[in-house]
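# Understanding the architecture of this molecule
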Amino acid sequence: MSPSNPLPLTEQIRTRLLARRAELVQRLERVEHDASHRAEAISADFQEQANQTSNDEVLGAIGETARAEIQDIDTALERVAAGRYGLCSRCGVPIETARLAVVPYTVTCSSCATD
Ligand SMILES: [Zn+2]
């Protein structure tokens, strides 16, 4: 990126969303790898197995969160492509800049989000 030729705002947003998405996909792969690795390593020890189950539940929850966020990012990317990024999907007003700075893939304004 050259300073004399800055990326258009939508490209910056797209780049940011894609970077975050790649990060989540990587995390998800790690979680899934851990889960399958543990499944193979399950011992005959029942106490071990009991601990194993709760570990897998925690990993599963991390995976769920990452998956949900990837889905939100995909929705945001579609909205960038459609030129509707930054507009509330419910009431259509521009989403607060501060809100987008914290959660760049949000699709609702703060008042719709708290409904
Ligand atoms: Zn709204």
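Residues numbered from 1 in each chain as written. Predicted model: local features only at pLDDT ≥ 70, side-chain atom pairs only at ≥ 80, totals over all residues.

### Here we look at the overall build of the protein chain
Selection rule: By definition, any uninterrupted DSSP run of H or I lasting at least four residues is a helix, any uninterrupted run of E lasting at least two residues is a strand, and each is numbered from the N terminus. Exposure classification rests on a simple neighbour count of other C-beta atoms within 10 Å of a residue's own: a residue reaching 20 or more is buried, one at 12 or fewer is exposed, and one in between is partly exposed. C-beta atoms are placed from the backbone.
Within the protein chain, the regular secondary structure consists of 4 helices and 0 strands. Taking all 115 residues of the protein chain together, 12% fall into the buried category.

### Observations concerning the nonpolar core
Keep this limit in mind: When buried Ala, Val, Leu, Ile, Met, Phe, Trp, Tyr and Cys residues are joined through C-beta atoms within 7 Å, the set is termed a nonpolar core. Contact definition: two residues whose C-beta atoms, as placed from backbone geometry, lie within 7 Å.
The biggest cluster of nonpolar side chains holds 7 residues, and these are I13, L17, I73, A76, Y85, Y105 and V107. Mapped by element, the contributors of at least two residues to this core are helix 1 (9-41) and helix 2 (46-81). Leaving out residues up to four positions away in the same chain, I73 has contacts with L17, R20, R21 and Y105.

### Quick look at the confidence of the model for the protein chain
To be explicit about the condition: Note: pLDDT gives the predictor's confidence per residue, expressed from 0 to 100.
Per-chain confidence: the protein chain averages 84 in pLDDT, with 82% of residues scoring 70 or above. Per-element mean pLDDT across the protein chain ranges from 83 in helix 2 up to 93 in helix 4 (residues 110-113).

### Observations regarding the environment of C112
Its place among the elements puts C112 in helix 4. Spatially, the C-alpha atom of C112 lies 6.9 Å from that of R90, the residues being 22 residues apart in sequence. Setting aside residues up to four positions removed in sequence, C112 forms contacts with C88, R90 and C91.

### A few points about the environment of T97
Position of T97 relative to the elements: it lies in helix 3 (residues 97-102). Taking the C-alpha atoms as reference, T97 lies 8.3 Å from G86; in sequence the two are 11 residues apart.

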